[in-house]
Amino acid sequence: MTRHRKLRLAAVLTALIANAAVAADVSPLLVGEPQPAEVEEGWTFSVAPYFWIAGLSGDTAQFGLPTVHIDSSFSDIFGNLDFAFMAAGEARYDRFSVIGDVIYTKLSADAETSLGILVSDVDVTSESFSGLLGLGYAVLDGPDGHLDVVGGIKLWSVETTISLSGLLGRREASDSATWVDGVVGLRGKYSFTPEIYLTGWGLVGGGGADIDWDVALGIGYDFNDRVSAIAGYRALGVDYSDDGFLFDTVQQGPILGLAIKF
């Protein structure tokens, strides 16, 4: 082989090796340096308007009137519900969070007393507002979810109107009360897949009320990075009494909501 041909062959081999190296750089079979996962920095916010198809059961009383028992299941909600507004929100920074939840409902329901035939008809209208403001800290925090310890205060304002009809004629009276409770508990979220997650909370406390508790569990679905839908079940109970006014009730039923993150 002549010296000229040897030089040409060497040049061809060099070009082939260089091309192979370039091809190797873009080969999908190669594993490059691991890239850090995208981490959201700064504050994130979310709001979640929701509809709670809750029934109301328990006892209520006012000064001068007998205790009446309410038993309205969530299947009666469309017949008994006069008006409702519900929404939750969260502001989150790293492991810290600020949470809020407001519930306003006005229900009209039939009730009963222990007076028997003396009272043949009992009607109760209950108008209630509760607003929670709390702080949370994630004791567990990872790519699949978090578990927060939370504490906060809850403001209650309740007004009831009781109407009694029977052998003693008709009597009607209205009374109201406002109080504040402190609550503590846990809340969390766990993702089964990139789209499907489990969320829930459990809170208990007291102060103005003898006991105040709230538990919920739901399944969520992320349509995208900003919007998700949630369906689940919630139960909330409170036992308050003062100066003849009694509100010892449990509200429970399915919950449907839409969470918007920004």
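None of these values were measured; they are calculated from a predicted model. (Residues numbered from 1 in each chain as written. Predicted model: local features only at pLDDT ≥ 70, side-chain atom pairs only at ≥ 80, totals over all residues. Heavy atoms only, no water.)

Draft legend 1. Local environment of the overall build of the chain. Of the regular secondary structure elements, the chain holds two helices and 12 strands. Traced from its N-terminal end to its C-terminal end, the chain shows the element sequence α-β-β-β-α-β-β-β-β-β-β-β-β-β. Restricting the contact set of the chain to residue pairs at least 6 apart, pairs at least 24 apart contribute 60%. (Helix = DSSP H or I, 4+ residues; strand = E, 2+ residues; numbered from the N terminus. Contact = heavy atoms within 4.5 Å.)

Draft legend 2. Layout of the side chain of Asp212. Position of Asp212 among the secondary structure elements: in strand β10 (residues 211-222). With relative accessibility at 0%, the residue Asp212 sits in the buried group. Within the structure, the side chain of Asp212 is placed 2.8 Å from the side chain of Trp156, a separation counted as a polar contact. Setting aside anything within four residues of it in sequence, one finds Asp212 in contact with Lys154, Trp156, Asp181, Val183, Leu203, Val204, Gly205, Gly206 and Gly237. (Buried < 20%, exposed > 50% of the residue type's maximum accessible area, 1.4 Å probe, protein only. Polar contact = N/O pair within 3.5 Å; in protein donor to acceptor, adjacent residues only side chain to side chain.)

Draft legend 3. How the structure looks around the packing of aromatic side chains. If you walk through the whole model with that rule in mind, you get nine aromatic pairs. Geometrically, the ring pair formed by Trp43 and Phe45 is stacked, given 6.4 Å between the ring centres and 20° between the ring planes. For Phe45, a relative accessible area of 36% puts it in the partly exposed group. When the ring centre of Tyr197 is taken as reference, the NZ or CZ atom of Lys189 above it lies at 4.3 Å. Looking at Arg234, its charged tip hangs above the ring of Trp52, at a distance of 5.0 Å from the centre. (Phe/Tyr/Trp six-rings, centres within 6.5 Å; stacked < 30°, edge-to-face > 60°. Lys NZ or Arg CZ within 6 Å of the ring centre and 35° of its normal.)

Draft legend 4. Broad picture of the pattern of salt bridges. Within the structure shown, the criterion is met by seven salt bridges. Between Asp212 and Lys154 there is a salt bridge whose closest N-O contact spans 3.4 Å. Placement of the pair is Asp212 in strand β10 and Lys154 in strand β7 (residues 145-166), with a sequence separation of 58 residues. Lys154 matches Asp212 in its accessibility class, with the two residues each being buried. (Salt bridge = Lys/Arg side-chain N within 4 Å of Asp/Glu carboxyl O.)

Draft legend 5. View of the side chain of His146. Looking at the secondary structure, you find His146 in strand β7. Reaching out from His146, the side chain makes a polar contact with the side chain of Arg92 at a distance of 3.4 Å. Within the local environment of His146, its side chain forms a polar contact with the side chain of Asp148, the two groups lying 3.3 Å apart. Setting aside residues no more than four positions away along its own chain, His146 makes contact with Arg92, Ala138, Leu140, Asp141, Arg187, Gly188 and Lys189.

Draft legend 6. Local environment of unusual backbone geometry. Located in the positive-phi region is Asp94, a residue other than glycine, with phi close to 55°. Along the chain, the position of Asp94 falls in the loop between β4 (81-93) and β5 (96-112). If you check the backbone angles, Asp243 has positive phi at about 55° while not being a glycine. Considering the arrangement of structural elements, one finds Asp243 in the loop between β11 (227-242) and β12 (245-261).

Draft legend 7. The arrangement of the nonpolar core in detail. Counting residues in each nonpolar core, the largest one holds 16 residues, and the members touching the most others are Trp52 and Trp179. Taken together, the elements giving at least two residues each to this core come down to β1 (44-52), β7, β8 (169-191), β11 and β12. Once you skip the residues sitting within four places of it in the chain, Trp179 turns out to touch Lys154, Leu155, Trp156, Val158, Gly208, Ala209, Val238 and Tyr240. (Core = buried A, V, L, I, M, F, W, Y, C linked by side-chain atoms within 4.5 Å.)

Draft legend 8. Seen up close, the environment of Phe245. Structurally, Phe245 is set in strand β12. Through-space distance from the C-alpha of Phe245 to that of Leu65 is 9.7 Å; in sequence the pair is 180 residues apart. Aside from chain neighbours lying at most four places away, what touches Phe245 is Ala61, Gln62, Val158, Thr160, Asp175, Ser176, Ala177 and Tyr240.

Draft legend 9. The arrangement of the pairing of β11 in detail. Pairing of β10 with β11, which is carried by 12 bridges, proceeds in the antiparallel orientation. Directly across from Ala216, in β11, lies its bridge partner Arg234. In this antiparallel pair of consecutive strands, β10 and β11, the connection spans four residues. One ladder, built from 16 bridges, connects β11 with β12; its direction is antiparallel. Pairing of Gly232 across the sheet is with Ile255, part of β12. Hairpin connection from β11 to β12: two residues lie between these consecutive antiparallel strands, with Asp243 at a positive phi of about 55°. (Pairing = 2+ DSSP bridges.)

Draft legend 10. Highlighting the environment of Val215. Among the secondary structure elements, Val215 is positioned in strand β10. Once residues lying within four places of it in the same chain are set aside, the contact partners of Val215 are Trp201, Gly202, Tyr233, Arg234 and Ala235.

Draft legend 11. Geometry of the confidence of the model for the chain. Residues with a pLDDT of 70 or more make up 76% of the chain, whose mean pLDDT is 82. Segment residues 3-7: pLDDT under 50, and one contact once partners within four positions in sequence are set aside and those in other chains are kept. Every residue in residues 12-39 is under pLDDT 50, and counting partners more than four places away or in other chains gives one contact. (pLDDT = per-residue confidence, 0-100.)

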